[in-house]
Amino acid sequence: MAKIESELIRRWLNGWTVARSLPESEPVGSPEDGLRSKCDQPGRDVEVFALRADEEPESLTRLAAAVAAARQTTWLTVPTLRPATVEVVVGAAGLELLHRSEWIMTIDLTEHPQHAPAAPYEREVRTEGPVTVVSLHDSSGEVAARGTIAVVGTDAIADRIETDAAHRRRGLGRATMSALAEAAVAQGARTGLLIASEEGQRLYSSLGWRREADVLIARGPAVPSSR
């Protein structure tokens, strides 16, 4: 039976928490069904990442039930090669499906194509420890595009790749990804990982990133705030 390896999910999550300066994730379930990360964002207090959804359907059922019963507003992220099955399980648990078509993607960073931003845009690269932030500025100094990448061992996890709506279709996404890949390789990274939104999938695919699995994201019931 085809499945996505849990180790790939762990590697992505390790870098994602570093990129966002979040606490280290904690195991969920026994045996370990997933990993739990504190996000502390409005409407997203906690996020749980399924590790064995394809390997053992009961594992996902347990996670979905736990998310539905959580006392904090909790998201459930499920990388899978069987998205239709996952959709049925999270629906049966009463979770709200937020995204059904995101992808987890990888690339050999040493083969990442390079694209410089066209005039009048200039790039700024800032690295602090394992995290690099790339910003592309227009002639007025305003940020037109930006992205983050975190290096953990030989992995580099790209996150929060954004281009302002007024500056799209000018190659800034390609230039941002190129600069992030270059910075990561300089720090010893060889493999790039990311979770791509539907909007970003065409960009990443055009740069050579490979789809490893679908990613479905669901949310448990909203928890009323205490007074």
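Residues numbered from 1 in each chain as written. Predicted model: local features only at pLDDT ≥ 70, side-chain atom pairs only at ≥ 80, totals over all residues. Heavy atoms only, no water.

Novice: Describe the pairing of strand β8 (residues 143–152), naming the residues involved and giving the relevant values.
Specialist: Most of β8 sits inside the fold, with 7 of its 10 residues counted as buried. The pairing of strand β7 (residues 131–137) with β8 spans 7 bridges and is classified as antiparallel. Bridge pairing in β8 links Leu-136 to Ala-145. Linking β7 back to β8 in an antiparallel pair, the connection comprises 5 residues, with Gly-141 at a positive phi of about 95°. In sequence, β8 turns back onto strand β9 (residues 155–163) through a hairpin of 2 residues, with Gly-153 there showing a positive phi of about 65°. (Buried < 20%, exposed > 50% of the residue type's maximum accessible area, 1.4 Å probe, protein only. Helix = DSSP H or I, 4+ residues; strand = E, 2+ residues; numbered from the N terminus. Pairing = 2+ DSSP bridges.)

Novice: Would you mind going over the nonpolar core in detail, with residue names and values included?
Specialist: Counting 26 residues, the largest nonpolar core has Met-177, Leu-194 and Trp-209 as its most contacted members. Looking at this core, the elements with two or more residues in it are β5 (96–108), β7, β8, β9, α4 (172–186) and β10 (191–196). With 7 residues, α4 is the single largest residue contributor to this core. Setting aside residues no more than four positions away along its own chain, Leu-194 makes contact with Trp-12, Trp-103, Ile-104, Met-105, Ala-158, Met-177, Tyr-204 and Trp-209. In this structure, Cys-39, Leu-51, Ile-104 and Ile-217 belong to the second largest nonpolar core, which totals 18 residues. (Core = buried A, V, L, I, M, F, W, Y, C linked by side-chain atoms within 4.5 Å. Contact = heavy atoms within 4.5 Å.)

Novice: Please provide a residue-by-residue account of the pairing of β5, values included.
Specialist: Relative to strand β11 (residues 210–219), β5 runs antiparallel, the two being bridged by 8 bridges. Residue pairing for β11: Ile-104 is matched across the bridge by Ala-213. Pairing analysis gives 6 bridges linking β5 to β10, with the strands arranged antiparallel. Across the sheet, the residue bridging to Met-105 is Leu-194, located in β10.

Novice: Break down the pattern of salt bridges for me, with residues and values.
Specialist: The tally for this structure, following the rule as stated, stands at 16 salt bridges. Taking the shortest distance from any N to any O, the salt bridge between Arg-11 and Asp-155 comes out at 2.8 Å. Residue Arg-11 is found in helix α1 (residues 6–19), and its partner Asp-155 is found in strand β9; the two are separated by 144 residues along the sequence. For Arg-11, a relative accessible area of 27% gives the class partly exposed. A salt bridge links Asp-33 to Arg-62; the nearest nitrogen and oxygen atoms lie 2.8 Å apart. One end of the pair, Asp-33, is in the loop between β1 (26–28) and β2 (34–41); the other, Arg-62, is in helix α2 (residues 57–69), and 29 residues separate them in sequence. A relative accessible area of 35% places Arg-62 in the partly exposed class. Because the salt bridges share partners, they merge into one network encompassing Asp-33, Arg-52, Glu-56 and Arg-62. (Salt bridge = Lys/Arg side-chain N within 4 Å of Asp/Glu carboxyl O.)

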